[in-house]
Amino acid sequence: MPFLRKLKKRDQQFLIRQGSRRLQLHILLGLAGISMLFGIWLPAKAFPACWAAAWFIAILTLCWAVLLACVDFISIKLFYLGEERQDRIDQIQKDYELRAILRKELEKQALDESEPDQNKNDQNQDSDQK
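All values derive from a computational prediction rather than experimental measurement.

**Comments concerning the side chain of Ser-35**
So, point 1. Mapped onto the secondary structure, Ser-35 falls in helix α2 (residues 9-41).
So, point 2. When its relative accessible area of 5% is taken as the criterion, Ser-35 is described as buried.
So, point 3. Reaching out from Ser-35, the side chain makes a polar contact with the backbone nitrogen of Ala-58 at a distance of 3.3 Å.

**A few points about a nonpolar patch on the surface**
So, point 1. A contiguous nonpolar patch, built from Ile-34, Leu-37, Phe-38, Ile-40 and Trp-41 and spanning about 580 Å² of accessible area, is present on the exposed surface.
So, point 2. Look at Leu-37 and you get partly exposed, because its relative accessible area is 41%.

**Some points on the confidence of the model for the protein chain**
So, point 1. Of all residues in the protein chain, 87% have pLDDT values of 70 or greater, and the mean over the chain is 84.
So, point 2. Ranking the elements of the protein chain by mean pLDDT puts helix α1 (residues 2-5) last with 71 and α2 first with 87.

**Side note on the pattern of salt bridges**
So, point 1. Considering all chains together, one arrives at three salt bridges under this definition.
So, point 2. Here Glu-83 and Arg-10 are joined by a salt bridge, their closest N and O atoms 2.7 Å apart. You can see Glu-83 sitting in helix α3 (residues 48-129) and its partner Arg-10 sitting in helix α2, a full 73 residues away along the chain.
So, point 3. Residue class for Arg-10 comes out partly exposed when judged on its relative accessible area of 38%.
So, point 4. Here Asp-72 makes a salt bridge to Arg-22, at a shortest N to O gap of 3.0 Å.

**A few points about the packing of aromatic side chains**
So, point 1. Inspection of the entire model under this criterion finds three aromatic pairs.
So, point 2. Ring centres of Phe-14 and Tyr-80 lie 6.4 Å apart, and the angle between their planes is 75°; this geometry places the pair in the edge-to-face category. Of this pair, Phe-14 sits in helix α2 while Tyr-80 sits in helix α3; the two residues are 66 residues apart in sequence, bridging distant segments of the chain.
So, point 3. Classification of Phe-14 as buried rests on a relative accessible area of 5%.
So, point 4. The partly exposed category is assigned to Tyr-80, whose relative accessible area is 48%.
So, point 5. Taken together through their ring pairs, the aromatic side chains of Phe-14, Phe-79 and Tyr-80 make up a single cluster.

The rules behind each value
- Residues numbered from 1 in each chain as written.
- Predicted model: local features only at pLDDT ≥ 70, side-chain atom pairs only at ≥ 80, totals over all residues.
- Heavy atoms only, no water.
- Helix = DSSP H or I, 4+ residues; strand = E, 2+ residues; numbered from the N terminus.
- Buried < 20%, exposed > 50% of the residue type's maximum accessible area, 1.4 Å probe, protein only.
- Polar contact = N/O pair within 3.5 Å; in protein donor to acceptor, adjacent residues only side chain to side chain.
- Patch = residues over 30% accessible without salt bridge, like charges linked within 9 Å, V, L, I, M, F, W, Y side chains within 5 Å.
- Areas by Shrake-Rupley, 256 points an atom, 1.4 Å probe, with all protein chains shown as cover.
- Salt bridge = Lys/Arg side-chain N within 4 Å of Asp/Glu carboxyl O.
- pLDDT = per-residue confidence, 0-100.
- Phe/Tyr/Trp six-rings, centres within 6.5 Å; stacked < 30°, edge-to-face > 60°.

This is the structure:
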């Protein structure tokens, strides 16, 4: 899978695990469907053990599929929660850096504005002394 090489290691691991869960889910759903078909086609009175086994397998695989779906849902939430937290941290850091730059610019402007006033005051004091 060449597209996985471009991703971060964490993203690669997540996608591989998610793919294996989803493949397992599809296989289980196929197995559940086949066992339901056998449960429907087998007469319950003629083959009670086979009929019960087919429906037991169907119910068991569907329960496992629901469990896998829940795990997939939770893992997606946790993965993107971590991504969201990291994005928020990055945003806060950038805001802090921007405010520091703005603060320096404001201080520089304040110094630039106060310098002409000081020069005028110095000139006034010099003229008063003469």
